[in-house]
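Examination of the molecular architecture
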Amino acid sequence: MGNKHTVFTHEQLEAYQDCTFFTRKEIMRLYYRYQDLAPQLVPLDYTSCPDVKVPYELIGTMPELKDNPFRQRIAQVFSEDGDGHMTLDNFLDMFSVMSEMAPRDLKAYYAFKIYDFNNDDYICAWDLEQTVTKLTRGELNAEEVSLVCEKVLDEADGDHDGRLSLEDFQNMILRAPDFLSTFHIRI
Amino acid sequence: MAQPPVFVLSVPETPDDPEGSQEPSPYDESEVHDSFYQLIQEQSRWAAEEGLELQQREPGPGALGALGDDHQALLGPEGVPVHSMATLRILASMPSRTIGRSRGAILSQLYNRTVRLRRRAARRPQLRDVGRSARPSLRLYDLELDPLVLEEEEKRVLLVKELQGLTVAQRDHVLRGMPLSLAEKRCLREESRTPRGKRRARQGGRGLPSCCSQLQDSCVLALHNLGLVLLSGLQALKPWRYALKRIGGQFGSSVLSYFLFLKTLLAFNALLLLPLLAFIVGVQAAFPPAPPASVPAFTGLELLTGGGRFAHTVLYYGYYSNATLSQPCASPPDGGQCPPEAGGLPYNMPLAYLFTVGVAFFITCITLVYSMSRSFGESYRVGSTSGVHAISVFCSWDYKVTQKWASRLQHDNIRTQLKELLAVWQLRRGPRSMCWRLRRVAVLGLVWLLCLGITLGCTVAVYSFSELMIKSPGSTEREGALLALPLVVCLLNLGAPYLYRGLAALERHDSPVLEVYVAICRNLILKMVTLGILCYHWLGRRVGTLRDQCWENFVGQELYRLMVMDFLFTLLDTLFGELVWRLISERTLKRRGKPEFDIAGNVLELIYGQTLTWLGVLFSPLLPAMQIIKLLLLFYVKKTSLMANCQAPRRPWKASHMSTVFISLLCFPSFLGAAIFLCYAVWQVKPSSICGPFRTLDTMYEAGKVWVRHLERAGPRVSWLPWIHRYLLENTFPIYLVSALLLAVIYLNIQVVKGQRKVICLLKEQISNEGEDKIFLINKLQSVYERKERSRVGRTEAAVMPPALFTDDGDTW
């Protein structure tokens, strides 16, 4: 496997441990997963903080993500430039937020960003249509999709401005006890 | 002119699919078509705008680009207006976009927004920053950069100061919960760590508090490190991480909840076993009593019946001595008798037995109530109305699913769920006729009556069979005959649920969740009533008939037999219910559908097994160990059968509600019943006189009373303990007082919750009003800016354009 001391310095591991929900062992395991995605690209020595990005095409082939309809949005939200190409930091961040120890508010924040397809800090009807279409693989017709979106806005839009802000989304998440168990990727 | 930015900006805004070539799905194609459609729309609109400068900017992309198209797609009642860049700048710094839950979160959100805006601005010119004519917008663009940078620095400094003011553990907690990227968090962590000396120097004036804070810091740090070490050690002990991941990936969260519940039960049993091992079993094993005259040889039947060779081992109550154990002294100092204090502390076995069982149950009770309340707290919220559409859209995709066919199944499930929800709206339900309602009530009543009748029949069968066992001579001698009663009970427990399922097909409930809850209810009633009959049979009848034998051993053995039979029947049920059913349905019926994994039935089996363990702990202290072995084997058997034979249920439950329901069922009928049984056995039943730690006493509880009297005699220094015993435990008045206080506290809590619900309603109204206010103000602001813009443009264009095109749009609001 490799001695963890040759991949990261002690301070780096401490920093990762303090800033994510993972222990040292899990961080090493995640690093090896990241490295397996692109063995030619990812160096075996991160002590010098190399600036390496694994392209989205490889991230999207991970077994945890490849059947997820929102994998592209997930990669875009967690990547640095919003294009889906992830550094190791982005990778760790993504799985840390999606792990079971992340608190509800943090998950709700990132879920909001994932479902906000046009990145305007609001989930408008267009975003909702995208979400519903991705969820049902396009098997609902347009009328049904728009009806669902209308119902969602009725239920969740607190200030009646026709779109969901972060607070509306968080309030809605509070009423959904499943959210913590479904918005969770095991790695 | 400003055309090139159109291409630069709008393409990334629409989600173009780089792997469209890898995975052609119907949706991806329409996505690509959408983006072209939008581009074409923008182009044509731009062209139209360039021609007529002062046209009303209805779906104007001039300020918003792709955003405007999105708003065009939205047709709310008010219609979201198009905003100018000035308005947008104000909107971007509105506090409502940056509300967080703590000050640190507020700062970090502010910081995040400003950093993101700066990065976006630095990378390419925003369409919204480029107005109609290049010069003013570029100027504005330059001005924008500097204030943004200043804001970011300010916020960052504030954020770092905030972090420095926290302790290490708190800082880590805040850092982890911040919605920032990992690189930024690491920078913040670095910056907030270094000037620790400064902080101490500031506090150096006050000598003692700084020492305390240093000590506190180092304590917290040590604890934190210890916690991390324990956590990583615990992770190493989690042997099923990969198995659970596979199960969750293939079958979803609802099936996974069964296996997580199994793991929870393992933890409870381990918690129960540890004190018993340490204080009862271990000690007695170290000081074995004199062996009885004749010890039967080991035959294989003991594994099933628990009697024979096993009867005289540490497994059962009868083995334990009723005296004070002490270390046998090696050599007497002067040839006389050993002084009682020589060679270690004496160990009062009866007291230890009573106290350890009591304390173990108490710890289990506290842990159960705590996990139940935590589960409840997660599942149910005050004032929550149904947001079923929103929840279906946002919370129903299970991110754990990793197999293609499993995710296909999820897509199908969600589609069906959404279609059903829509069907409720689309179909107008006609008023139900009285006749229909009466018929429905009659059918429900009949089915319930039949089910209760079946339960009654099973109860009577168990009762009469147990009476038969008592009356038939020699039944306690022959080992094989002892298996008859557990066999009958297990057969009834296996067969009756199938009958219930058959009857439930007549009912035809509207909601499938209700069906499952009703099934659970009926099965639970059957199992609890059967166990109740058996408890009466043991404590009421067997105690009488086995007067001069060791009845506790007998009860312990009965429970052992029940557990073993239950396990064997579960294996049989798995084999026939799942494997054979799948083979039959594949070969003869030629259907591809595998049997569904029956979550409710399996969970009830687990709860039943756990109840048996709790019932038997007093009479057989090693029963939790057996339950642990049984649960381990069950995990692997169920997992294998699940992977090979089953599919996920068609209508997935809500996983969190399920775990709440499971834990509540474990606490209320199961643990409560076992606790009542234990209390009755300890307080009311006379222990047998020839075996066990309580053989000379009237009740088991007397061991405690004897010890208290011993303490009274011991001297005035420990007189408070007998005092507590006499006035608080023996007296009934304090119990009444405490119950009355608890009831008052519960009533107050209910009133508080009602008040909170009212407050939530009022706040919702207020939010809605504030939203309307906000929209009104934004529109006013927009109109002000528009008028300014128009007058400015009008002035510059006045020289070029003919005045005829100066239309006064007037106030649009």
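Since we're looking at a predicted model, the values are computed, not measured.

This paragraph deals with the overall build of chain B. Within chain B one finds 26 helices and two strands. Counting across all 813 residues of chain B, residues that qualify as buried make up 43%. Considering only intrachain contacts with a sequence separation of at least 6, the fraction spanning at least 24 residues in chain B is 76%. Here chain B displays about 43800 Å² of accessible surface, and carbon together with sulfur accounts for 65% of that area.

Here we take up the overall build of chain A. Along its length, chain A carries eleven helices and zero strands. Written out in order from the N terminus, the α and β elements of chain A read α-α-α-α-α-α-α-α-α-α-α. A total of 187 residues make up chain A; the buried ones form 66% of that total. Sequence separation of 24 or more characterises 55% of the internal contacts of chain A that already satisfy a separation of 6 or more. When the accessible surface of chain A is summed, it comes to about 6200 Å², and 51% of that surface belongs to carbon and sulfur atoms.

All names here are of chain B. By the definition in use, this model includes one disulfide over all chains. There is a disulfide in this structure between C550 and C691, and the S-S distance comes to 1.6 Å. Classification of the bridge connecting C550 and C691 rests on its S-S torsion, roughly 90°, and on that basis the disulfide is right-handed. Within this pair, whereas C550 is found in the loop between α19 (512–545) and α20 (551–587), its partner C691 is found in the loop between α23 (655–683) and α24 (702–714), the two being separated by 141 residues in sequence.

Bringing the UniProt feature "domain: EF-hand" (unreviewed entry) in chain A into the picture now. Under the present numbering, the feature "domain: EF-hand" (unreviewed entry) in UniProt falls on residues 144–179 of chain A. Taken end to end, residues 144–179 of chain A comprises 64% helix and 0% strand; its first and last C-alpha atoms sit 24 Å apart.

This part takes up unusual backbone geometry. All names here are of chain A. At D121, a residue that is not glycine, the phi angle is positive and equals roughly 65°. Here D121 is to be found in the loop between α7 (104–115) and α8 (125–135). Even without being glycine, H160 reaches a positive phi, approximately 55°. Relative to the elements of secondary structure, H160 occurs in the loop between α9 (142–156) and α10 (166–174).

Glancing now at the packing of helix α17 (residues 434–471) of chain B against helix α18 (residues 484–504) of chain B. Residues and elements named next belong to chain B. Close contact between α17 and α18 brings their axes to 11 Å; oriented N to C, the two are set at 175°. By the angle between their axes, α17 is roughly antiparallel relative to α18. Residues V447, L450, C451, I454, T455, C458, A461, V462, F465, S466 and M469 of α17 lie in contact with α18, whose contacting residues are A484, L485, V488, V489, L492, A496, L499, Y500 and L503. For the contact of α17 with α18, the residue count by class is 18 nonpolar, two polar and no charged.

To continue, consider the UniProt feature "transmembrane region" (unreviewed entry) in chain B. All names here are of chain B. Within the UniProt annotation, "transmembrane region" (unreviewed entry) is assigned to residues 258–287, 351–371, 441–463, 483–504, 516–539, 660–683 and 733–750. Helix and strand shares over residues 441–463 are 100% and 0% respectively, and the end C-alpha atoms of the span are 32 Å apart. Annotated as residues 660–683, this span is 100% helix and 0% strand, and its ends, taken at the C-alpha atoms, are 33 Å apart.

Moving on: the pattern of salt bridges. Across all of its chains, the model carries 23 salt bridges over all chains by this definition. Two residues, A:D18 and B:R189, come together in a salt bridge whose shortest N-O distance is 2.9 Å. Of the two residues, A:D18 sits in helix α2 (residues 10–19) while B:R189 sits in helix α8 (residues 182–193), which places them in two different chains. Just as A:D18 is buried, B:R189 falls in that class too.

One pass over the structure, following the stated rule, counts 34 aromatic pairs over all chains. With a centroid separation of 5.0 Å and an interplanar angle of 50°, the aromatic rings of A:Y34 and A:F91 are classed as tilted. Here the residue A:Y34 occupies a position in helix α3 (residues 24–37), and A:F91 occupies one in helix α6 (residues 88–97), the gap between them amounting to 57 residues. What links up through ring pairs into an aromatic cluster is the set A:F70, A:F112, A:Y115, A:F169, A:F179, A:F183, B:F394 and B:Y399. Directly above the ring of A:Y122 sits A:R163, whose terminal nitrogen or CZ lies 4.0 Å from the centroid. The ring of B:Y608 carries B:K527 above its face, with NZ or CZ at 5.8 Å from the centroid.

Another aspect to go through is helix α21 (residues 599–616) of chain B. Along its 18 residues, α21(B) runs 26 Å from first to last C-alpha, staying within 8% of the 26 Å computed at 1.5 Å per residue. Two or three places before B:G601, at the opening of α21(B), B:D598 has a side-chain oxygen 3.4 Å from that residue's backbone nitrogen.

So, on to the confidence of the model for chain B. Should pLDDT be low for a region, the predicted coordinates there are not to be read in detail. Residue and element names in this part refer to chain B. Predicted confidence across chain B gives a mean pLDDT of 74, with 69% of residues reaching 70 or more. Model confidence for chain B, summarised as mean pLDDT per element, is weakest for helix α3 (residues 66–73) at 35 and strongest for helix α22 (residues 623–645) at 92. Confidence drops under a pLDDT of 50 for residues 124–146, and excluding neighbours within four residues, the segment shows 37 contacts in the predicted structure. Across residues 806–813 the pLDDT falls below 50, and counting only partners more than four positions away or on other chains, this stretch makes 14 contacts in the model.

Glancing now at the nonpolar core. In terms of nonpolar packing, the biggest core is built from 101 residues, with B:F259, B:V357 and B:L618 touching the most fellow members. In this structure, A:L37, A:F91, A:I114 and A:A176 belong to the second largest nonpolar core, which totals 90 residues.

The geometry of a pair of packed helices is captured by two quantities: the angle between their axes and the separation between those axes. Residue and element names in this part refer to chain A. Where helix α5 (residues 71–78) contacts α7, the two axes come as close as 9 Å, and the packing angle between them is 115°. The handedness of the crossing between α5 and α7 is right-handed. Taking contact as the criterion, the partners of R73, I74, V77 and F78 in α5 are, on α7, Y110, K113 and I114. Of the residues in the contact of α5 with α7, the class split is five nonpolar, no polar and two charged.

As a further point, take empty space enclosed by the protein. Residues and elements named next belong to chain B. What the rule picks out here adds up to 13 cavities of 30 Å³ or more. If you trace the second largest cavity, you find it lined by C490, N493, L494, K527, D566, F569, T570, D573, E605 and Y608. The set of elements that each furnish at least two residues to the lining of the second largest cavity consists of α18, α20 and α21. At four residues, the largest contribution of residues to the lining of the second largest cavity is made by α20. Of the residues contributing to the lining of the second largest cavity, the split by class is four nonpolar, two polar and four charged.

Mean pLDDT over chain A works out to 89, with 97% of the residues at or above the 70 mark. Averaged pLDDT values over the elements of chain A bottom out at 68 in helix α1 (residues 4–7) of chain A and peak at 94 in α6(A).

Turning next to α8(A). Residue and element names in this part refer to chain A. The buried fraction of α8 is high, at ten of eleven residues. Looking at α8, one finds that the buried residues are A125, W126, D127, L128, Q130, T131, V132, T133, K134 and L135. The positive-phi residue at the C-terminal boundary of α8 is R137, with phi of around 55°.

What follows deals with the side chain of B:K527. Residue and element names in this part refer to chain B. Mapped onto the elements, K527 comes out in helix α19. Buried within the structure, K527 lacks any salt-bridge partner; its nearest side chain of opposite charge belongs to E605, at an N-O separation of 4.0 Å. With near-sequence residues (within four places) excluded, K527 lies in contact with N493, L604, E605 and Y608.

For the rest of this paragraph, the subject is the environment of A:M98. Note that A:M98 resides in the loop between α6 and α7. Taking C-alpha positions, A:M98 is 9.4 Å from A:I187, a pair spaced 89 residues apart along the chain. Here A:M98 is in contact with A:K107, A:F183, A:H184, A:I185 and B:Y399, once residues within four sequence places are set aside.

This part takes up the environment of B:Y701. Residue and element names in this part refer to chain B. In this structure, Y701 sits in the loop between α23 and α24. Take Y701: its relative accessible area is 16%, and that puts it in the buried class. Expressed as a C-alpha distance, the spacing of Y701 and A681, which sit 20 residues apart in the sequence, is 9.3 Å. Among residues more than four places away in sequence, those in contact with Y701 are L354, V682, W683, H725 and E730.

Calculation criteria
- Residues numbered from 1 in each chain as written.
- Chains lettered and ligands numbered in written order.
- Predicted model: local features only at pLDDT ≥ 70, side-chain atom pairs only at ≥ 80, totals over all residues.
- Heavy atoms only, no water.
- Helix = DSSP H or I, 4+ residues; strand = E, 2+ residues; numbered from the N terminus.
- Buried < 20%, exposed > 50% of the residue type's maximum accessible area, 1.4 Å probe, protein only.
- Contact = heavy atoms within 4.5 Å.
- Areas by Shrake-Rupley, 256 points an atom, 1.4 Å probe, with all protein chains shown as cover.
- Disulfide = S-S within 2.5 Å.
- UniProt positions renumbered as here; feature names shortened; annotations may be inferred.
- Axes fitted to C-alpha atoms, helices over the stretch in contact; angles between N-to-C directions.
- Parallel < 35°, antiparallel > 145°, perpendicular 65-115°, else oblique.
- Nonpolar A, V, L, I, M, F, W, Y, C, P; charged D, E, K, R; others polar.
- Salt bridge = Lys/Arg side-chain N within 4 Å of Asp/Glu carboxyl O.
- Phe/Tyr/Trp six-rings, centres within 6.5 Å; stacked < 30°, edge-to-face > 60°.
- Lys NZ or Arg CZ within 6 Å of the ring centre and 35° of its normal.
- Expected span 1.5 Å × (residues − 1).
- Polar contact = N/O pair within 3.5 Å; in protein donor to acceptor, adjacent residues only side chain to side chain.
- pLDDT = per-residue confidence, 0-100.
- Core = buried A, V, L, I, M, F, W, Y, C linked by side-chain atoms within 4.5 Å.
- Left-handed = near helix turned anticlockwise from the far one by under 90°.
- 1 Å grid on protein atoms, 1.4 Å probe; cavity = no way out; pocket = protein on both sides within 12 Å on 5 of 7 lines; lining within 4 Å.
- Points joined across faces, edges and corners; volume = space filled by probe spheres on them.
- Lys, Arg positive; Asp, Glu negative; His and termini not counted.

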